[in-house]
Amino acid sequence: MKPSDLSAALAKLEAEFLKRERKTPENPCGPEMLLNGRKLIAFASNDYLGLANDDSLKQGAMTAIEQWGVGAGASQLVSGRLGIFATLEQACADFAQREAAVYFPSGFLANLGVLTTLADRHDVIFADRINHASLIDGALLSRAQHVRYQHTDMDDLARKLAHTPVAEGSARLIVTDSVFSMDGDEAPLPALLDLAIQYDAWLIVDDAHGLGVLGPQGRGSIADARLPAHPNLIMIGTLGKAAGVSGAFVAGNRDLVEWLIQRARTYIYTTGASPMLAGALLASLQRIIQGDDLRSQLNDNIAAFRSGIAALNLPYALLPSRTGIQALVIGDNEATLKIAARLLEQGYWVPAIRPPTVAAGSARLRISLSAAHTPAHIQGLVQAIGCACQ
């Protein structure tokens, strides 16, 4: 795009109701937020367990600052891996019940790092059609052939695995979200692992929205599906959602993790993360493991919300989901923005999600529920949606 084209391009976004606006809350992440001096109930963050402002995580961060400072100095392969990150990576491996793990400063960097390290132009990546943008970008940057299968359609994937030519010695990679971020539905992980084993393919699972919420002790979608620690299976555990902080770990066997350390450009050429994040994350993992009370409260909130919306008999579809992601599909961009604006007038911040994040004609309200929401928050939101959709 030429510099002279920017103004017209921005005007076009606005005319199509696709221009996004950043909001600037005046208080920490939580179920209640202060925006321009006004108190709102927020249903916008992925803080599913309410840990983003948890006292134990804040104390973990402060303790780490006292011992390790605030900066890493350089890439961990240049200036060294601070001891607290060795502790964190072992804790992540134990949490994922795998041999080893490596920490990346963001989930986006982890996904790019894994795909560009394990695939090149000779290989083939088979990806769910609505995978997260980071998985799509990782596939494109890897230069591998990128084959997209219909969303969660195992018959379509099996056909494409069988009929897509792969050169001798080249690799197949099956790549999927565990919980899809804009719909809230889930990948059929046991069937995916069966296909990965059949075709000697990697199965790469981005567990951004399952970690902390699903599985025994919140260990995520892979544990929830009772999958074994198979050498073909890679878990990417995002730590900026239910874990309440930021970054991500990649867990698998020791050779996989060592290869990523040696070859993943997004690890090698990135300054190490702040040790205060490691301190907060160590506290977060413990809180998740011991957090059945939080998961129970989240599940109660999900059930109350879904039953409340069902009772409204709205002309819009609430997509099936047992997670904190609840998507009410409106369809039209302008109509979705208007409903979100009416909710804001009533004191509820619910984001309007539009293309290209979702397919054209499927604009929606993405309602993010948290254990930190009270029954009154949920009841009030349902009533507000009923009024806003009239």
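Rules behind the numbers
Residues numbered from 1 in each chain as written. Predicted model: local features only at pLDDT ≥ 70, side-chain atom pairs only at ≥ 80, totals over all residues. Heavy atoms only, no water. Pairing = 2+ DSSP bridges. Helix = DSSP H or I, 4+ residues; strand = E, 2+ residues; numbered from the N terminus. Core = buried A, V, L, I, M, F, W, Y, C linked by side-chain atoms within 4.5 Å. Buried < 20%, exposed > 50% of the residue type's maximum accessible area, 1.4 Å probe, protein only. Contact = heavy atoms within 4.5 Å. Polar contact = N/O pair within 3.5 Å; in protein donor to acceptor, adjacent residues only side chain to side chain. 1 Å grid on protein atoms, 1.4 Å probe; cavity = no way out; pocket = protein on both sides within 12 Å on 5 of 7 lines; lining within 4 Å. Points joined across faces, edges and corners; volume = space filled by probe spheres on them. Nonpolar A, V, L, I, M, F, W, Y, C, P; charged D, E, K, R; others polar.

Explanation requested: the sheet that holds strand β2 (residues 38-42) in the structure shown.
Each strand in a sheet pairs with another by means of backbone hydrogen bonds, the pair being arranged parallel or else antiparallel. Read from one edge of the open sheet, three strands run β1-β2-β12, paired in mixed fashion. On the outer flanks of this sheet lie β1 (32-35) and β12 (348-349), each paired with one strand and no other. Sheet topology places β2 next to β12; two bridges connect them, and they run parallel. Looking across to β12, one finds that I41 is bridged to Y348.

Explain the nonpolar core to me, please; I cannot follow it from the model alone.
Generally speaking, nonpolar side chains in soluble globular proteins are found buried as a group. Membership of the largest hydrophobic core comes to 84 residues, with the highest contact counts inside it found for I174, F249, F305, I367 and I385. Residue contributions to this core peak at seven residues, all from helix α4 (residues 83-96). Look past the residues within four positions of I367 in its chain and what remains in contact with it is F43, F305, G324, I325, Q326, L328, V350, L381 and I385.

Looking at this structure, how should I read the side chain of S221?
By the secondary structure assignment, S221 is in helix α9 (residues 221-224). The class for S221 is buried, based on a relative accessible area of 5%. For S221, the side chain forms a polar contact with the side chain of S178, separated by 3.4 Å. Not counting the four nearest positions on each side in its chain, S221 is found in contact with S178, V179, L189, D207, G210 and L214.

Could you clarify how one ought to interpret empty space enclosed by the protein in this entry?
Think of a ball as big as a water molecule: rolled over the atoms, this probe shows where empty space is left. Enumeration according to the criterion identifies two cavities of 30 Å³ or more in this entry. In this structure, the largest cavity occupies an estimated 70 Å³ of space. Taken together, G30, P31, A42, F43, A44, S45, D47, S368, S370, A372 and H373 make up the lining of the largest cavity. A class-by-class count of the residues in the lining of the largest cavity yields five nonpolar, five polar and one charged. If you add up the space inside the second largest cavity, you get close to 60 Å³. Surrounding the second largest cavity, Q76, Y103, F104, P105, Y267, T270, T271, G272 and A273 form its lining.

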